Amino acid sequence: MYKTQIIYFFIFLLSGSLLGQNKSISWDDTLNTGWPADCRIIEIRSSSDGSMQKARFYASASKADAPLIVSLHTWSGDYNQQDPLAEEIIRRGWNYIHPDFRGPNIRPEAGGSDLVIADIEDAINYSLRNSDADPSDVHIVGVSGGGYATLVAYMKIG
């Protein structure tokens, strides 16, 4: 099994380090714009209820094991929500997945439900099977509702 490292990124920490000083970054832009061409849309069958859950996915071209970044969308977003981290993760040669995990948190099955946790675990397992990701170097990140889901995952994923 993979060892998951849960990380909650605060916007002020990212603005000075990972993303430089770009003040125009919007963490809650729910429009489908700005996706790197390498981030393809995939579908993952839910281990909980059999439904198909979409995600944006990038498998590193690296020959060596590389980290897997599981970047979670905000409260009002879904897998299509623009992610300011995607380009930087690809530039670094890391693996990346941006799962839907039941979409915007406006339904009982979204938020921190057992379905959400299963969807996040399914996204991790899909990524580990379909990339060179190092199972001991898996990181879940998010802000806003994605930060909430990150904390819920921290409490529920073994």
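Residues numbered from 1 in each chain as written. Predicted model: local features only at pLDDT ≥ 70, side-chain atom pairs only at ≥ 80, totals over all residues. Heavy atoms only, no water.

Caption draft 1: Summary view of the overall build of the protein chain. Counting secondary structure elements, the protein chain contains 4 helices and 6 strands. N-terminal to C-terminal, the α/β element order of the protein chain is β-α-β-β-β-α-β-α-β-α. The long-range share in the protein chain, meaning contacts at least 24 apart out of those at least 6 apart in sequence, stands at 76%. A total of about 7,600 Å² of accessible surface is found on the protein chain, and carbon and sulfur atoms cover 53% of it. (Helix = DSSP H or I, 4+ residues; strand = E, 2+ residues; numbered from the N terminus. Contact = heavy atoms within 4.5 Å. Areas by Shrake-Rupley, 256 points an atom, 1.4 Å probe, with all protein chains shown as cover.)

Caption draft 2: Structural context of helix H4 (residues 145-156). With 12 residues, H4 extends 16 Å between its outermost C-alpha atoms, agreeing within 8% with the 16 Å of an ideal straight helix rising 1.5 Å per residue. Taken as a whole, H4 has its buried residues at Gly 145, Gly 146, Gly 147, Ala 149, Thr 150, Val 152 and Ala 153. (Expected span 1.5 Å × (residues − 1). Buried < 20%, exposed > 50% of the residue type's maximum accessible area, 1.4 Å probe, protein only.)

Caption draft 3: Layout of empty space enclosed by the protein. For the structure shown, the criterion picks out 2 cavities of 30 Å³ or more. Ile 44, Arg 45, Ser 46, Gln 53, Lys 54, Ala 55, Pro 99, Asp 100, Phe 101, Asp 119, Asp 122 and Ala 123 together form the lining of the second largest cavity. The set of elements that each furnish at least two residues to the lining of the second largest cavity consists of strand E2 (40-45), strand E3 (52-58) and helix H3 (114-129). Taken together, the residues that form the lining of the second largest cavity break down as 5 nonpolar, 2 polar and 5 charged. (1 Å grid on protein atoms, 1.4 Å probe; cavity = no way out; pocket = protein on both sides within 12 Å on 5 of 7 lines; lining within 4 Å. Points joined across faces, edges and corners; volume = space filled by probe spheres on them. Nonpolar A, V, L, I, M, F, W, Y, C, P; charged D, E, K, R; others polar.)

Caption draft 4: Just the packing of H3 against H4, in detail. The N-to-C vectors of H3 and H4 enclose an angle of 85°; their axes lie 10 Å apart at closest approach. In terms of orientation, H3 and H4 fall into the roughly perpendicular class. Where H3 approaches H4, its residues Asp 114, Ile 117 and Ile 120 are matched on the opposing element by Ala 149, Val 152, Ala 153 and Lys 156. Tallied by class, residues from the contact of H3 with H4 come to 5 nonpolar, no polar and 2 charged. (Axes fitted to C-alpha atoms, helices over the stretch in contact; angles between N-to-C directions. Parallel < 35°, antiparallel > 145°, perpendicular 65-115°, else oblique.)

Caption draft 5: Summary view of the pattern of salt bridges. For the structure shown, the criterion picks out 6 salt bridges. With a closest N to O distance of 2.5 Å, Arg 102 and Asp 119 form a salt bridge. With Arg 102 in the loop between strand E5 (95-99) and H3 and Asp 119 in helix H3, the pair connects residues that are 17 residues apart, well separated along the chain. In this structure Arg 102 comes out as buried when scored by relative accessible area, which is 7%. For Asp 119, a relative accessible area of 4% gives the class buried. For Arg 107, the salt bridge goes to Glu 109, with nearest N and O atoms at 2.6 Å. Residue class for Arg 107 comes out partly exposed when judged on its relative accessible area of 32%. (Salt bridge = Lys/Arg side-chain N within 4 Å of Asp/Glu carboxyl O.)

Caption draft 6: Up close: the nonpolar core. Core analysis: the largest hydrophobic core is formed by 23 residues, its most contacted members being Leu 68, Val 70, Ile 97, Ile 120, Ile 124 and Ile 140. Breaking this core down by element, the ones donating at least two residues are E2, E3, strand E4 (66-72), H3, strand E6 (133-142) and H4. With 7 residues, the single largest contributor to this core is H3. With 10 residues, the next largest nonpolar core counts Cys 39, Ile 69, Leu 85 and Ala 86 among its residues. (Core = buried A, V, L, I, M, F, W, Y, C linked by side-chain atoms within 4.5 Å.)

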